[in-house]
Amino acid sequence: GGERIAVVLNLANMREASLVDADLRGVSLRDVNLHHANLTRANLEGAQMMGAVLRHADVTDANFKDVPLVTVNVTFANFSRARNADVPAFKQNVR
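Just so we're clear, the structure is a prediction, and the values are computed from it rather than from any experiment.

**Focus on the pattern of salt bridges**
Part 1 of the argument: The full count for this structure, using the stated rule, is 2 salt bridges.
Part 2 of the argument: In this structure, Arg41 engages Asp21 in a salt bridge whose closest nitrogen and oxygen atoms are separated by 2.7 Å.
Part 3 of the argument: Between Asp23 and Arg25 there is a salt bridge; the shortest N-O distance is 2.7 Å.
Part 4 of the argument: Residue class for Asp23 comes out partly exposed when judged on its relative accessible area of 40%.
Part 5 of the argument: Given a relative accessible area of 34%, Arg25 falls into the partly exposed group.

**A look at unusual backbone geometry**
Part 1 of the argument: You will see that His56, though not glycine, has its phi angle at about 60°, which is positive.
Part 2 of the argument: Of note, the phi angle at Asp66 is positive, near 60°, even though the residue is not glycine.

**Brief notes about the packing of aromatic side chains**
How two aromatic rings sit relative to each other is set out by the distance from centre to centre and by the angle between their planes.
Part 1 of the argument: Following the criterion strictly, the structure yields 1 aromatic pair and no others.
Part 2 of the argument: Their ring planes at 50° and their centres at 5.2 Å tell us that Phe64 and Phe79 sit as a pair that is tilted.
Part 3 of the argument: Given the relative accessible area of 1%, Phe64 is considered buried.

**So, the nonpolar core**
Part 1 of the argument: Of all hydrophobic cores here, the largest spans 28 residues; its most connected members are Leu34, Leu44, Met49, Leu54, Phe64 and Phe79.
Part 2 of the argument: Once residues lying within four places of it in the same chain are set aside, the contact partners of Leu44 are Leu24, Arg25, Leu29, Met49, Ala62, Asn63, Phe64, Lys65 and Val67.

The rules we used
- Residues numbered from 1 in each chain as written.
- Predicted model: local features only at pLDDT ≥ 70, side-chain atom pairs only at ≥ 80, totals over all residues.
- Heavy atoms only, no water.
- Salt bridge = Lys/Arg side-chain N within 4 Å of Asp/Glu carboxyl O.
- Buried < 20%, exposed > 50% of the residue type's maximum accessible area, 1.4 Å probe, protein only.
- Phe/Tyr/Trp six-rings, centres within 6.5 Å; stacked < 30°, edge-to-face > 60°.
- Core = buried A, V, L, I, M, F, W, Y, C linked by side-chain atoms within 4.5 Å.
- Contact = heavy atoms within 4.5 Å.

Here it is, written out as structure tokens:
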């Protein structure tokens, strides 16, 4: 593979975005609005998502390897079919 270019999408409004099969490895997604976004099969390995909002997002088969979810708003997102997601026990209303 070729050299990866650093991608920064901090503070972007991606509400209801379709990111199906997106390659978001290592992307900086700090404070991004992904409310109701479709992240089905997206590869988010190593993405920086501090402060991101994933309320009601579809994360089916999305890869969250090495993505800290402590400061990510995952309320009402269904992580039961997400891959490698380490959702902290204190998070409420997560399926």
